[in-house]
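Structural features, examined
The lines below spell out each chain.
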Protein chains: 6
Amino acid sequence: MAKIIAAALPNIPWQDRPQNARGPVWRYSANPIIGRDGNKRSNSVFNSAVVPYQGGFAGIFRCDSRSISMDLFAGFSDDGLHWKIDDEPIQMQGADAEVLKVDYRYDPRVCFMDGRYYVSWCNGYHNMPTIGLAYTHDFRTFTQLENAFLPFNRNGVLFPRRIGGVYMMMSRPSDNGHTPFGDIFVSQSPDLELWGRHRYMMGTIKSNESAWQSTKIGPGPIPIETDEGWLLIYHGVITTCNGFVYRMGSALLDIDEPWKVKYRSLDYILGPTELYECVGDVPNVVFPCAALTDGATGRIAIYYGCADTVTGLAFTTVDELLSFTKEFSRR
Amino acid sequence: MAKIIAAALPNIPWQDRPQNARGPVWRYSANPIIGRDGNKRSNSVFNSAVVPYQGGFAGIFRCDSRSISMDLFAGFSDDGLHWKIDDEPIQMQGADAEVLKVDYRYDPRVCFMDGRYYVSWCNGYHNMPTIGLAYTHDFRTFTQLENAFLPFNRNGVLFPRRIGGVYMMMSRPSDNGHTPFGDIFVSQSPDLELWGRHRYMMGTIKSNESAWQSTKIGPGPIPIETDEGWLLIYHGVITTCNGFVYRMGSALLDIDEPWKVKYRSLDYILGPTELYECVGDVPNVVFPCAALTDGATGRIAIYYGCADTVTGLAFTTVDELLSFTKEFSRR
Amino acid sequence: MAKIIAAALPNIPWQDRPQNARGPVWRYSANPIIGRDGNKRSNSVFNSAVVPYQGGFAGIFRCDSRSISMDLFAGFSDDGLHWKIDDEPIQMQGADAEVLKVDYRYDPRVCFMDGRYYVSWCNGYHNMPTIGLAYTHDFRTFTQLENAFLPFNRNGVLFPRRIGGVYMMMSRPSDNGHTPFGDIFVSQSPDLELWGRHRYMMGTIKSNESAWQSTKIGPGPIPIETDEGWLLIYHGVITTCNGFVYRMGSALLDIDEPWKVKYRSLDYILGPTELYECVGDVPNVVFPCAALTDGATGRIAIYYGCADTVTGLAFTTVDELLSFTKEFSRR
Amino acid sequence: MAKIIAAALPNIPWQDRPQNARGPVWRYSANPIIGRDGNKRSNSVFNSAVVPYQGGFAGIFRCDSRSISMDLFAGFSDDGLHWKIDDEPIQMQGADAEVLKVDYRYDPRVCFMDGRYYVSWCNGYHNMPTIGLAYTHDFRTFTQLENAFLPFNRNGVLFPRRIGGVYMMMSRPSDNGHTPFGDIFVSQSPDLELWGRHRYMMGTIKSNESAWQSTKIGPGPIPIETDEGWLLIYHGVITTCNGFVYRMGSALLDIDEPWKVKYRSLDYILGPTELYECVGDVPNVVFPCAALTDGATGRIAIYYGCADTVTGLAFTTVDELLSFTKEFSRR
Amino acid sequence: MAKIIAAALPNIPWQDRPQNARGPVWRYSANPIIGRDGNKRSNSVFNSAVVPYQGGFAGIFRCDSRSISMDLFAGFSDDGLHWKIDDEPIQMQGADAEVLKVDYRYDPRVCFMDGRYYVSWCNGYHNMPTIGLAYTHDFRTFTQLENAFLPFNRNGVLFPRRIGGVYMMMSRPSDNGHTPFGDIFVSQSPDLELWGRHRYMMGTIKSNESAWQSTKIGPGPIPIETDEGWLLIYHGVITTCNGFVYRMGSALLDIDEPWKVKYRSLDYILGPTELYECVGDVPNVVFPCAALTDGATGRIAIYYGCADTVTGLAFTTVDELLSFTKEFSRR
Amino acid sequence: MAKIIAAALPNIPWQDRPQNARGPVWRYSANPIIGRDGNKRSNSVFNSAVVPYQGGFAGIFRCDSRSISMDLFAGFSDDGLHWKIDDEPIQMQGADAEVLKVDYRYDPRVCFMDGRYYVSWCNGYHNMPTIGLAYTHDFRTFTQLENAFLPFNRNGVLFPRRIGGVYMMMSRPSDNGHTPFGDIFVSQSPDLELWGRHRYMMGTIKSNESAWQSTKIGPGPIPIETDEGWLLIYHGVITTCNGFVYRMGSALLDIDEPWKVKYRSLDYILGPTELYECVGDVPNVVFPCAALTDGATGRIAIYYGCADTVTGLAFTTVDELLSFTKEFSRR
């Protein structure tokens, strides 16, 4: 029995696996949990991140407004299912104007570490996407740090503790449009400001063997520490004649050198099949950005964006996901 | 209280604003009002224009046939909701064969002016799109005039009266494919045949401030004259990784120099969210081509194409729309 | 009354034409007949081919796995509606390793001829698509032959008997991606291994006259022999601003020189309008790969892929389809 | 013997046809006549237009500066070979600021008519190319008129007299980049401000029959009036795997309805073969913008841009060019 | 010492290797041997093929006309250096009109076999490129055979004798434009009409190891039989930011199964460096289409197109080329 | 009089400004100084960097081999004009195999600092370009450090001393092909391994004002310290219809916060006009990678790649270049 190395979370949102479920991950029966009208002026709420907070839950939400501006908003929930999202975007404080320079913000992740909630997101700097970074203690006051990397980059995802004495962050170097390529790298930092020792972790698979991840891949939620290594949930993209399809996959990374991939599932773990995943502003997208875990039971609750429009919830357990990942790994 | 400068239209199709409606425009509850089978050989009926006519309503409809040929058809209705559309496309008469040269016709507008119903549309001339122009008194006999402009152009929309003694027409210069750019211009003519004094009116907005109109914009219905200026409903397009999304916006133009934009909403006023708008031959399209107005009450009924497949109806009032346009205008 | 030159098939799946049906082809009321979960590891089951077999039916199915690998699987059915598809892909035997070289397999057709069931499909040879060919007697043991053509090619469809003493195969030369062009050719062979005397049959129609087939066309089911010629059901594609739409058309070919097209319908015979055709991994696709025929009644049952996700069934008769094809043919 | 309907120009620059010349047009032996350093800050001088003026010659020159800004400059010459070009760009006066709005100017033509020298050019209006128009009496003071057309347009070329009582202008509708298409249209105007009755004149030839003009064509110098019709020199472009090649062709237009093409040469009349035509900022370009004619002798001197870098001169006679045009016309 | 298995050719054009030559191939000092004016109406003469004929030499020449039509012309020479090329294109005779259907012809090869001179070329069939085939005994009367393959294909090159009892032809499957991909295949035929058993021979090299052949490769002259295998000279292409560069490479093929590559040079053997190779209608092209060989001395004379404009000649010996090919082969 | 803050270099290669020179930079009269045959197996030698070394000069050269592999080679010279370049590429030593992972190397710069010669270059890591970094004392033994940044990046250029206590490096974030965009950033590091505090320095200019730098820009030689700030020579690119043209520009940066641009020339300082700059493997490129400076006289010698084929030398003085930069700066 695999173990999650994390605190118990008795109030993790949860439903047992339904009889007819296929694959290692199953959906919440009342999906989507957040609709287009998540806050006052929202066109859509998706690709968002949540964490346990003060006995309940807090989160950073991507709400595209009805002008289709992309921005981040704080939100709170008692049960992880029903959310109250602010109507005003997060205002950051920071060292100077250059650090606070932001043209747009999207696709946040939240990582609790050293007593702080670190937020990373895709940050528009001179209208070029890179990785923004900030921290908060209370989801009310946020301190923005230096952008982690040079443009063009997206999907900056921190590991939830120092490894070998340093911080580590995954990311997906990109270009400035609807990037048609993308591999995952790991970078290291002593202080979350200076980064280096960039290592290639894994890339797309161009062959028929696993074509759902042939166009690009990128890290999803904060990696889950297990007794077998880091459990990574990520997204993969294929290009059909009618555009991109985003699905979810999983991998197991070495605990000390996480750029070393021990297992990686050739089968996706969740793909868009429900109407709210297949129809919306961007059809055929499931995009995971957060996972709650219960160290006591091994339960995992995955929050994911659906069709770039609404937010869904799905469930698995560390056992199910790890054994699936190993079974369907490249032999 | 803003006023529409137009005749009363007591039988304007109408439903009051529902409780839960968001935004300044709300849909007819029995949408779509015209389905794929609008006439005998239609594959789809959309992007069409209606006007009050002899106590009821008449219209020019874009019916793509089951060979996916694009053509214009006349139609009639008692209530503006239930339509009887001809099975045969409109036959025009004209000065000579060159004027009547037509490879395809689509996206009509109808403008009542000087006792005539002027029809403008995207006209295929030597297989290049430009603005076709014709008039009718009875929706049975149509006289085609010279094409207004050189190719490549689409969305020619007349102002409903002479301004400063001349006719004025908006249009969106284009190219010969699925044009990825487009701004709105106003041109002037003494006689609807010779055009000049072209003025730039407004263009796309590339920034995060209003990204739904970052790829192209084009005029929609005949502008609505109000005591504060011309109220323009237009379409805007964003390019996602899975294609274009078409939404509706609004602007207030100077009454005498309509290329001068007084207000322009950064928020869209209607976007595709319903299944009949998100699913169809071209997913994620709402495309307005006509608006009925009631000068007595300020009511506005907008006819719009849905997913390039069916025709929908939506409502607003001049007060709602003007105050929204001002509130969400670029500051 | 047109006649199908074929055996009676009393147990052909069938429903009578519904009252409100438009066009010459109508859908099975319980579509789709095969869902995403057609076999153990399938993500989707579509673009597949069936034939009468031992009083029931057998078929070769394209099941994209949950790793989105494309492969072929045998399946069996008593009624043509309920199918049992193997969980393991077909293993072929062949002359040598080079003949058996396969990177992927998709879009099969099955042709009964000379006592053998010939299977043709799109075969990945050195990751380039060409036409794979094999035969079986029992859908259990398959012998793979030489690839018919050089890459790049797709949609190899055999005629069901020798014509003028030689085998004939239609195909659609392609490129190595989401090919944006494609016409139909006929090639000849004395032995199914050596091919030549390639003849152009018909191509796309770029004009407004029949725009649904303006991007590419390709042959569908094995042609149906009638007393008036070969009845061909094929697919045609248009490029909208949001991608490809696949529809079905029909043509009547000369019985002896089948590259000579006697009639060809400008109207499509079936297009995507149902939710399972418009929503899925590739929205807006109907793609026919097989047709059962009853020589006694003239009934035709068409199996077609829906949205590259599930499998649908539709019906027509030789009379309906032939008279439609003639009526809507280019004049 | 064909006749040019124009004044004598005894001092027309001239060299007799060399022995070994192939084709109907031959180059000046001391080409290029203007180099990169045509004026103080020029990077290149090309695609320029000259006319007889006060016993000598005057011209409007496209000088791209060393910042690669594109602008127009006046120049003067005694012999048409040695030019003195202003160092400061032309300053226009005009009705108002909107008319004078110019982002860039290039590829001028000059047409003497009604005692005025009319200049037309590609004018950047809101950074979109359209046809700018102005007149001068002395090449010192210029009055800018309204832009003739909506964007996107290039190569506006006036006919040198009213035809049927109206002005006529050729042009080539374009897009906003390195346009990969382009046909020639004729438009009419009573006053050079309002334009209409647009007629398609001729387009590209896609077949092997005349592939040098398969990508786009555009009018060159002011048409030459002859007793057989308007003699038009134009440019045509082919797309090779290494970019565009620009060549010159000729056509004979109906004298009263010049959109009717009587003859059009399938062979080009001059192509880039000399080092100064094949090497430069844009390799492989000959681009004619002006022609001097001598009504007494039938001599024609063509000024053309070379490789978008320098200016060349070439010669022919009305007899040579007309007989060539007829001989190599599509049969 | 390697040996060419071929007749002596004492009058092979020849110059000894100059002192300063680098690489295994050196140019004729008076290159180009044929200029733009190779025949009456030629714009350019290149990518052509020659053979020994009646004590002198004959050839099939690609002459692009001054309308840039691509066609084939016969030519004759006493010394292989000075050529007299026909002014009229080759007229073929053939079985029927369909076989003779030709939209354009280019890039010929000539192969002497069984007492006939076989000509293969890129043949436009319904404006799609495929491999045309014909034979002649006297370069005056030509009999056209069936096109060898389905479109899209180019560079069909015969082996000069039956291998294992069958004819063999290399070719490069393509698309319908400036194809950005291309590998070499070998196909087999008993009769030069029916083809099959297609085998992949070799493809592009995408890595830094041999980037000059990273975009596409294609066979050049008829392979040279040696005592160590077939010596193949081929072209390879890289895509720079300013277009394609074509260079020459060499490989040694198995004598019985020529799709098996024994050696293949990673270094090119000739690249464009001379002005006539770098400047012309398509800059930076050397494209070999024929090689004369002297079985007595091992001398090889390569005819190659330069910049798609003129024809060059280069020399090597079987010893030089084979040892180079082995030395620079992938280890 | 501006001053270079650097040592005297009496043996700097030098020629005085010729009479007829235009612009602030003039060419060496015997250019190119290094041809295609710079070392044994070179196809081309360009985009290389030199420094004073032991009384003479040393350099790191980009020699593309005759397989068109891109690699770095050391070279030495007594006079800076005649160079002896190694035939074997540089072998690095480094901490581990991952640090030494190199797929290709190109476009080096050399920066003398802290007694070491630091080399930066475009380094292929998993076939993705990023900035490689190494140091040497003797141009014989090289120690490779960590790659500075994540892919995709090119043109990493160090400042020649610590600024505010930290190292600084300019770079141009890119994509993985012939990148059509590119701005210059400055990054900071305490140790040349960890990098952060990335600042946008300057970008392309899209307007007519300075179109030669409208596609992308990137830093060239190590910045030259002057008493007025850092003098930066950089390259800029425009996209013509026939590809990219690379030219040189100059800017003056704040001495303490070098991302602040004090002056930037709108005019280029050198563009391709000579045959060896306009003709070659990539036509129309001048690309500066190094500058020698003489603190005593203010002389500057610029080494630049020509047409991606050979190496040229050009001259200026700090006075000429600074005054030009200020004069032609955006006002």
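Structural data are supplied above this passage.
Residues numbered from 1 in each chain as written. Chains lettered and ligands numbered in written order. Predicted model: local features only at pLDDT ≥ 70, side-chain atom pairs only at ≥ 80, totals over all residues. Heavy atoms only, no water.

1. With respect to the overall build of chain A
For chain A, the count of helices and strands is two helices and 22 strands. For a compact globule of 331 residues, the expected C-alpha radius of gyration is about 20 Å, and chain A comes in at 18 Å, within 12% of that figure. Each principal axis of the C-alpha atoms in chain A carries an extent, and together these give about 50 × 45 × 40 Å. In chain A, which comprises 331 residues, the share counted as buried stands at 69%. If you sum the accessible surface of chain A, you get close to 10400 Å²; carbon and sulfur atoms cover 48% of it. (Helix = DSSP H or I, 4+ residues; strand = E, 2+ residues; numbered from the N terminus. Rg over C-alpha atoms; globule rule 2.2 N^0.38 Å. Buried < 20%, exposed > 50% of the residue type's maximum accessible area, 1.4 Å probe, protein only. Areas by Shrake-Rupley, 256 points an atom, 1.4 Å probe, with all protein chains shown as cover.)

2. Things to note about helix α2 (residues 318–327) of chain B
Residue and element names in this part refer to chain B. Listing the buried residues of α2 in full gives Val 318, Leu 321, Leu 322, Phe 324 and Thr 325. On an axial view of α2, the arc spanned by its buried residues comes to 165 degrees, and they lie on one face. On its buried face, α2 is in contact with β16 (224–226), β17 (229–240), β18 (243–253), β19 (261–264), β21 (299–306) and β22 (310–317). (Arc of directions from axis to C-beta. Contact = heavy atoms within 4.5 Å.)

3. Looking at the pattern of salt bridges
Oppositely charged side chains can pair when the atoms bearing their charge come close. Counting across every chain of the model gives 90 salt bridges over all chains. With a closest N to O distance of 2.9 Å, Arg 161 of chain C and Glu 225 of chain C form a salt bridge. Taken together, the positions of Arg 161 of chain C in the loop between β11 (153–158) and β12 (167–173) and Glu 225 of chain C in strand β16 (residues 224–226) put the pair 64 residues apart, joining distant regions of the chain. Exposure remark for Arg 161 of chain C: the relative accessible area of 29% places this residue in the partly exposed category. Here Asp 86 of chain F makes a salt bridge to Arg 140 of chain F, at a shortest N to O gap of 2.7 Å. You can see Asp 86 of chain F sitting in the loop between β5 (84–85) and β6 (92–94) and its partner Arg 140 of chain F sitting in the loop between β9 (128–136) and β10 (142–144), a full 54 residues away along the chain. Salt bridges here are not isolated pairs; linked through shared partners, they connect Arg 36 and Asp 281 of chain A together with Arg 247 of chain B. (Salt bridge = Lys/Arg side-chain N within 4 Å of Asp/Glu carboxyl O.)

4. Focus: the interface of chain C and chain B
Contact residues are listed per partner, giving 24 residues for chain C and 25 residues for chain B. Interface area for chain C against chain B, summed over the two sides, is near 2000 Å², with a carbon-plus-sulfur share of 48%. Of all residues in chain C, Arg 22, Asn 208 and Asn 242 of chain C bury the most surface against chain B, accounting for 35% of the area lost on that side. Counting across the chain C and chain B interface gives two salt bridges. The closest approach of N and O atoms between Asp 267 of chain C and Arg 41 of chain B, which form a salt bridge, is 2.5 Å. Where chain C touches chain B, the interface holds 19 residue pairs in polar contact (both at pLDDT 80 or more). Put simply, the parts of the chain that give the side of chain C that touches chain B at least two residues each are β17 (229–240), β18 (243–253) and α1 (275–278) of chain C. For the side of chain C that touches chain B, the leading source of residues is β17 of chain C, giving three residues. (Buried area = accessible area lost by both parts, 1.4 Å probe. Polar contact = N/O pair within 3.5 Å; in protein donor to acceptor, adjacent residues only side chain to side chain.)

5. Describing the sheet that holds strand β4 (residues 70–77) of chain C
All names here are of chain C. Strand order in this open sheet of four strands is β2-β3-β4-β5, and the pairing throughout is antiparallel. Of all strands in the sheet, those bounded by a partner on one side alone are β2 (42–53) and β5 (84–85). As defined by bridge partners, β2 adjoins strand β3 (residues 56–65) across nine bridges and the pair is classed as antiparallel. Following the sheet pairing, Val 45 is matched in β3 by Cys 63. (Pairing = 2+ DSSP bridges.)

6. Structural notes on the interface of chain A and chain F
Taken together, the contact between chain A and chain F spans 32 residues of the former and 32 residues of the latter. Considering only the side of chain A, the residues that lose the most area to chain F are Leu 150, Leu 194 and His 198 of chain A, jointly responsible for 24% of the buried surface there. Where chain A meets chain F, there are four salt bridges. Of the charged contacts, one joins Glu 146 of chain F and Arg 199 of chain A as a salt bridge, the two residues approaching to 2.8 Å between their closest N and O atoms. At the junction of chain A and chain F, the tally comes to nine residue pairs in polar contact (both at pLDDT 80 or more). Of all the elements in the fold, those that place two or more residues in the side of chain A that touches chain F are β12 (167–173), β13 (184–189) and β14 (196–202) of chain A. Take the side of chain A that touches chain F: its biggest share by element is five residues, from β14 of chain A.

7. Some thoughts on a nonpolar patch on the surface
Judged by side-chain polarity, Leu 275 of chain A, Leu 275 of chain B together with Leu 275 of chain C come together as a nonpolar surface patch covering roughly 240 Å² of accessible area. Summarising the element assignment, Leu 275 of chain A is placed in helix α1 (residues 275–278). The class of Leu 275 of chain A is partly exposed, set by a relative accessible area of 39%. (Patch = residues over 30% accessible without salt bridge, like charges linked within 9 Å, V, L, I, M, F, W, Y side chains within 5 Å.)

8. Notes on the relation of the copies chain C and chain B
Mapping chain C onto chain B is achieved by rotating through 120 degrees and translating by 0.0 Å along the same axis, at an RMSD of 0.0 Å. Taken together, these values place the two copies in the relation of a three-fold axis. A distinct binding surface is used by each copy, with only 12% of the interface residues of chain C retained as interface residues in chain B. (Least-squares fit on C-alpha atoms with pLDDT ≥ 70 in both.)

9. Describing the packing of aromatic side chains
By the definition in use, this model includes 138 aromatic pairs over all chains. Relative to Phe 152 of chain F, the ring of Phe 181 of chain A lies with its centre 5.0 Å away and its plane at 80 degrees, an arrangement referred to as edge-to-face. With one member in each of two chains, Phe 181 of chain A in the loop between β12 and β13 and Phe 152 of chain F in the loop between β10 and β11 (153–158) form a pair that bridges those chains. The pair formed by Phe 181 of chain A and Phe 152 of chain F is uniform in burial state, with each residue classed as buried. Aromatic pair Tyr 53 of chain C and Phe 139 of chain C: ring centres 5.1 Å apart, planes at 70 degrees, arrangement edge-to-face. One end of the pair, Tyr 53 of chain C, is in strand β2; the other, Phe 139 of chain C, is in the loop between β9 (128–136) and β10 (142–144), and 86 residues separate them in sequence. Grouping residues by exposure puts Tyr 53 of chain C and Phe 139 of chain C together as buried. (Phe/Tyr/Trp six-rings, centres within 6.5 Å; stacked < 30°, edge-to-face > 60°.)

10. Digging into the environment of Glu 225 of chain B
Residues and elements named next belong to chain B. Taking relative accessible area as the criterion, Glu 225 reaches 16% and is therefore assigned buried. Each C-alpha atom of the pair Glu 225 and Val 279 lies 34 Å from the other, and the pair is 54 residues apart in sequence. Those residues in contact with Glu 225 that sit more than four places away from it in its chain are Lys 3, Ile 4, Ile 5, Arg 161, Trp 230 and Ile 255.

11. Overview of the relation of the copies chain A and chain F
Relating the two copies of this chain is a rotation about some axis coupled with a shift parallel to it. When chain A is fitted to chain F, the best match, at an RMSD of 0.0 Å, comes from turning it 180 degrees and sliding it 0.0 Å along the axis. The transformation just described matches what one would write down for a two-fold rotation axis.

12. Quick word on the state of the cysteines
Residues and elements named next belong to chain D. Under the counting rule described, the total for this entry stands at zero disulfides over all chains. Summary of cysteine pairing: Cys 278 is not part of a disulfide, and the nearest cysteine sulfur, belonging to Cys 306, is at 10.0 Å. Given the relative accessible area of 6%, Cys 278 is considered buried. Residue Cys 306 is classed as buried on the basis of its relative accessible area of 0%. (Disulfide = S-S within 2.5 Å.)

13. Quick notes on the pairing of strand β7 (residues 105–113) of chain E
With eight of its nine residues buried, β7 of chain E lies for the most part within the structure. Between β7 of chain E and strand β8 (residues 116–125) of chain E, which pair antiparallel one after the other, the connecting turn spans two residues, and Asp 114 of chain E there sits at a positive phi close to 55 degrees.

14. With respect to the pairing of strand β9 (residues 128–136) of chain E
Residues and elements named next belong to chain E. Among the nine residues that make up β9, nine are buried, leaving the element largely enclosed by the rest of the structure. Here nine bridges tie β8 to β9, and the two strands are oriented antiparallel to one another. Considered in β9, the bridge of Val 119 is made with Ala 134. Relative to strand β10 (residues 142–144), β9 runs antiparallel, the two being bridged by three bridges. Paired with Tyr 135 across the bridge in β10 is Thr 143. Joining the antiparallel neighbours β9 and β10 is a turn of five residues, in which Phe 139 adopts a positive phi near 60 degrees.

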